[in-house]
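Take a look at the letters that make up each chain.
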There are 2 protein chains.
Amino acid sequence: MAEQNLFEKDLPKVPANYVPLTPVSFLQRAASVRPNHTAVIHGNRRYTYSEFWARSCQLAAALREHGIQKGDCVAAMCSNTPEMLELHNGVPLIGAVLNSLNVRLDSDTIAFILDHGEAKAIVTDVEFSPTIKEALAKIDRDILVIDIVDSEFSGSSQFEKLGKTDYESFISTGGDALRREPELINTLWSIDDEWQSLSLLYTSGTTGNPKGCVYHHRGAYLNALGNLITMQLGLDSRYLWTLPMFHCDGWTFTWGVTAAMATHVCLRKVEAQAIFDSIEAADVTHMCGAPIVLNMLANAPAAIQKRSSSPIEIATGGAAPPSAVIESMEAIGFNVTHLYGLTETYGPATVCLPQQDWPDLDINSRSGRMSRQGVHYLTLQDAQIYNAADMANSPNDGESLGELMIRGNTVMKGYLKNASATDEAFAGGWFHSGDLGVQHDDGYIEIKDRAKDIIISGGENISTLEVEEALYRFPKTLEAAVVAQPDERWGETPCAFVTLKEGETATTEEIIEFCKSRLAGFKVPRHVVFGPLPKTSTGKIQKFALREEAKQRAAEAST
Amino acid sequence: MAEQNLFEKDLPKVPANYVPLTPVSFLQRAASVRPNHTAVIHGNRRYTYSEFWARSCQLAAALREHGIQKGDCVAAMCSNTPEMLELHNGVPLIGAVLNSLNVRLDSDTIAFILDHGEAKAIVTDVEFSPTIKEALAKIDRDILVIDIVDSEFSGSSQFEKLGKTDYESFISTGGDALRREPELINTLWSIDDEWQSLSLLYTSGTTGNPKGCVYHHRGAYLNALGNLITMQLGLDSRYLWTLPMFHCDGWTFTWGVTAAMATHVCLRKVEAQAIFDSIEAADVTHMCGAPIVLNMLANAPAAIQKRSSSPIEIATGGAAPPSAVIESMEAIGFNVTHLYGLTETYGPATVCLPQQDWPDLDINSRSGRMSRQGVHYLTLQDAQIYNAADMANSPNDGESLGELMIRGNTVMKGYLKNASATDEAFAGGWFHSGDLGVQHDDGYIEIKDRAKDIIISGGENISTLEVEEALYRFPKTLEAAVVAQPDERWGETPCAFVTLKEGETATTEEIIEFCKSRLAGFKVPRHVVFGPLPKTSTGKIQKFALREEAKQRAAEAST
């Protein structure tokens, strides 16, 4: 061992100068330094930061009293309600792992996840009782079930409670404990390593069993700060929860909004009317949502499109927002920021950072720039397009297609109980995103397709995203998706699936003509299918189903 | 050993998901994602982020070529020039430790520091050649000397260069190396542990030898983000360097401004005219400075007080700004944020966070609130008033005097070669600040005095800061300081030293009468001494010298 240098001698980590990074510290601090500020708004409910922290600690104490230990998994089947925010703090506080479930999942998948993650408890909103009841019947053990009966739930009055206790009664038992022993808060705190597991989130694989991404405290702390900085959340911000908190823990905004000591505005239902009402009622400044949410807002009837007092910052991600949608959103008072990320990267990993000269560009050029995935987050180390075969960095020529690779502290620990998938995902020192793209001369990354979605026609790569972008420009299009259709001559050709806006009609020829004016000939769809698009539980278009349909159509056509 | 839980199994740190936190990553990223933005302005010089990074890498390569290794110390005797910003990145890039020297120090102290820190090289601005020449003569070894001949240096044309090379020639040798081997940048990067030492900063002790605070990469990364968030630095910010970069590495704003990818506006001389000129020329948005800088700006002739297009955010710290100064600053277009910290805490550790109801308070109440030290930074774990004797938390009653204790990731590694001082400073799991204060019912900390400055009169504690605050309210006061004077009857009584504004006259009686209207009787100074105040090299008033004088006056009076 080399001699320790002068600057490393007698300078160890001690409690005064080293503490594990954890996003739970944000709420603890907010309760201490801004106790009376409104932390959470939900319908007529209001919680200050002091109350938000107290309730989270009560939840933690109650879970501990019911036998939940460090390293245990607590599942959550919740809408965007205050309870879900409390779960994001109370569960990790005692060193347990929060497993947020996608509320659109079926009972088979949920049963699989509860078994795989070995959940010891589940907190479930009564809206989802039917699914959870079925799922619980499918797992062969008893777990602690806590029902949320939300004040804003407007569904059937005949809802069923599945557990022995509801959420409010449950946390009040923790309240009793804290009143008896106020020092309990210190003994509850079980975060002693920032690499400790924080949460478990299953990817919504379109085929096969989902994989469980494990997050750690360090990564969530950093990504939350990255969000705060990127979206410029401040003391006066009011963040509307149009993004499900079960998506990558709300892209870590669950903690980022708290770090800013801003106000969380909850929302049960992502519907245009409810969103615009909340924007008006709470004077919302920030929100996030998948492109489909932007689409919904942009296409809402003008009568319900209420505007905020100043532009609302809206971050979108998941897929590139079609530029037509960006334009429409700007027209109704939103400032769109395009983020990109995956469940494996705590949500946002890149941001399409606006450059100084962009405001001078015409709207088409600017939308083109803005629909790129952009550059890596401040709190991430790097994102690059690599040739996966030899792990060589692709040239920044805007043309060389490669795989997006990501590296840094906001990449998951790995997949639960799946060392081989983890090793594969992290091969060569980078996380392999599975997305194909190019890097432009300004270093900006542009995703062209999922690795499995790319169309190869006569030896040429066709980005389905590029074709979809053209289809979205067609004024009558509500939604569009493009997949490969087997073709005897070309190998594959693009097949378009289009949903038209309500009341609109169009022909295949009309759409093909439109595309010809915007795309190279070989990229123009050969076939157009009209109708609704099949979606996954997270609202992603199920391209595998469309590929099946396109394949079948090709087979039928050739017979 | 306990069985590893489910969530810690097969989920190790790997290069894809773990990299050391380092503030150097901010510049690397800015150069990559905002290459053409103006990073640094200095007189007529302009550097983009791409150039700033290239020059820092050239510096790193040149240092490496000249034998500087990981763990070696590089000293810097610099004004606030671009070279100093480059040193803050190029030196740590190769794992070396930057030792910024206070340019006001005498040659004996500098010789002590160069010996104690074992500097292998020094980069020195020719303005300080006389002092450094003397210091170098006092150490018994040869070190690499690099002269900065700054374009903005307007001193004697007869300046002396001390080394064999000047800065520009030196980094051009590194430029040659990088041109020959572009891959050199990767091999230069020598940051492999975030606990690695980053910089060395000597405290300006008023007596005895200075102590060397060692910073690590993790702490600087976090404090820089804390500054960015607290001061809301953004892509369009322009930060004026009125705070010396040798003070706690510019309170880590050296890296924080770069993290925001904003613009550094350099400044050689902290003089009112030059500051207002820079504010106007660069449309400055943010700056920092000791209260004495605010005092200088507030008392500048109206003719040179140019205003910016919108309020300038100015952070101050070191001592509480007298409320009269806060009021004057607001009147000329500055928004004052009060920070508090020490060299041991990378500069800012607490912020006097404005609460929602403060804007409604009258200016006196509001200034009173604003002059408190406030609450701990987002990136710090905690700051509390403790009774140092039994380490019990003092009640938040605004009266119980205790010592301010600080804990978190932005506390130094320790004092170089001084394990006993380090242990003492970190006793009981907290950093002992040496400052005495109270905690109010809202949790806000208010420093009443340095432990050694407090006056005990007839068994009552008197805060010298409180008496000074009253003296600053006297309209003719430019500067004031209060120390204990030995007293046969009371043990100690307050003795005031006052500098009047230019052209003003006042009597002892006038000042005592003024104080009586604002202070409890026992707190009113018994003696007032008029004249200039002795200062340390960092501009702090030398209270030990005033205490000596007060003691002597008491002795003379009693004989």
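A quick note: this is a predicted structure, and the numbers were derived from the prediction, not measured.

**Here's the deal with the overall build of chain A**
Turning to step 1, where the next piece is worked out: Secondary structure summary: chain A contains 18 helices and 27 strands in total.
Turning to step 2, where the next piece is worked out: A globule of 559 residues ought to have a C-alpha radius of gyration of about 24 Å, and chain A, at 24 Å, matches this closely.
Turning to step 3, where the next piece is worked out: For chain A, the spread of C-alpha atoms along the three principal axes comes to 75 × 70 × 50 Å.
Turning to step 4, where the next piece is worked out: For chain A, with 559 residues in total, the buried portion stands at 54%.
Turning to step 5, where the next piece is worked out: Relative to all contacts within chain A whose residues are 6 or more apart in sequence, the contacts with residues 24 or more apart total 70%.

**So, the sheet that holds strand β19 (residues 402-407) of chain A**
All names here are of chain A.
Turning to step 1, where the next piece is worked out: Spatial strand order, β18-β17-β19-β21-β22: five strands in an open sheet with antiparallel pairing. Across the chains shown, the open sheet's two edge strands, defined by having one partner strand only, are β18 (392-393) and β22 (445-450).
Turning to step 2, where the next piece is worked out: Both β19 and strand β21 (residues 431-439) contribute to a ladder of four bridges, which runs antiparallel. Its bridge partner lying in β21, Met405 is registered against His432.

**Looking at the environment of Gly95 of chain B**
Residues and elements named next belong to chain B.
Turning to step 1, where the next piece is worked out: Mapped onto the secondary structure, Gly95 falls in the loop between α3 (82-93) and β4 (97-100).
Turning to step 2, where the next piece is worked out: Among the residues examined, Gly95 registers 25 C-beta atoms within 10 Å and is labelled buried.
Turning to step 3, where the next piece is worked out: Ignoring anything within four residues of it in the chain, the contact list for Gly95 reads Lys70, Gly71, Ser190, Ile191 and Gln196.

**Notes on helix α14 (residues 363-370) of chain A**
Residue and element names in this part refer to chain A.
Turning to step 1, where the next piece is worked out: Within α14, burial applies to Ser367, Arg369 and Met370. The arc that holds every buried residue of α14, seen down its axis, measures 160°, which confines them to one face. In α14, the exposed residues that point more than 90 degrees away from the buried face are Asn364 and Ser365.
Turning to step 2, where the next piece is worked out: Against α13 (323-331) and β14 (334-342) lie the buried residues of α14.

**Some points on the interface of chain B and chain A**
Turning to step 1, where the next piece is worked out: Counting residues at the interface gives 49 residues for chain B, matched by 49 residues for chain A.
Turning to step 2, where the next piece is worked out: At the level of elements, α1 (24-33), α8 (217-230) and α15 (419-425) of chain B are the ones that each hand at least two residues to the side of chain B that touches chain A.
Turning to step 3, where the next piece is worked out: Top contributing element to the side of chain B that touches chain A by residue count: α1 of chain B, with four residues.
Turning to step 4, where the next piece is worked out: Each residue belonging to the side of chain B that touches chain A can be placed in one class, and the counts come to 25 nonpolar, 17 polar and seven charged.

**Examining the domain arrangement of chain A**
Turning to step 1, where the next piece is worked out: Under the domain assignment used here, chain A contains domain 1 (23-269), domain 2 (292-451) and domain 3 (454-558).
Turning to step 2, where the next piece is worked out: When each unit is reduced to the centre of its C-alpha atoms, the spacing between domain 1 of chain A and domain 3 of chain A is 39 Å.

Parameters and conventions
- Residues numbered from 1 in each chain as written.
- Chains lettered and ligands numbered in written order.
- Predicted model: local features only at pLDDT ≥ 70, side-chain atom pairs only at ≥ 80, totals over all residues.
- Helix = DSSP H or I, 4+ residues; strand = E, 2+ residues; numbered from the N terminus.
- Rg over C-alpha atoms; globule rule 2.2 N^0.38 Å.
- Buried ≥ 20, exposed ≤ 12 C-beta atoms within 10 Å, placed from the backbone.
- Contact = placed C-beta atoms within 7 Å.
- Pairing = 2+ DSSP bridges.
- Arc of directions from axis to C-beta.
- Nonpolar A, V, L, I, M, F, W, Y, C, P; charged D, E, K, R; others polar.
- Domains from an automatic or database assignment.

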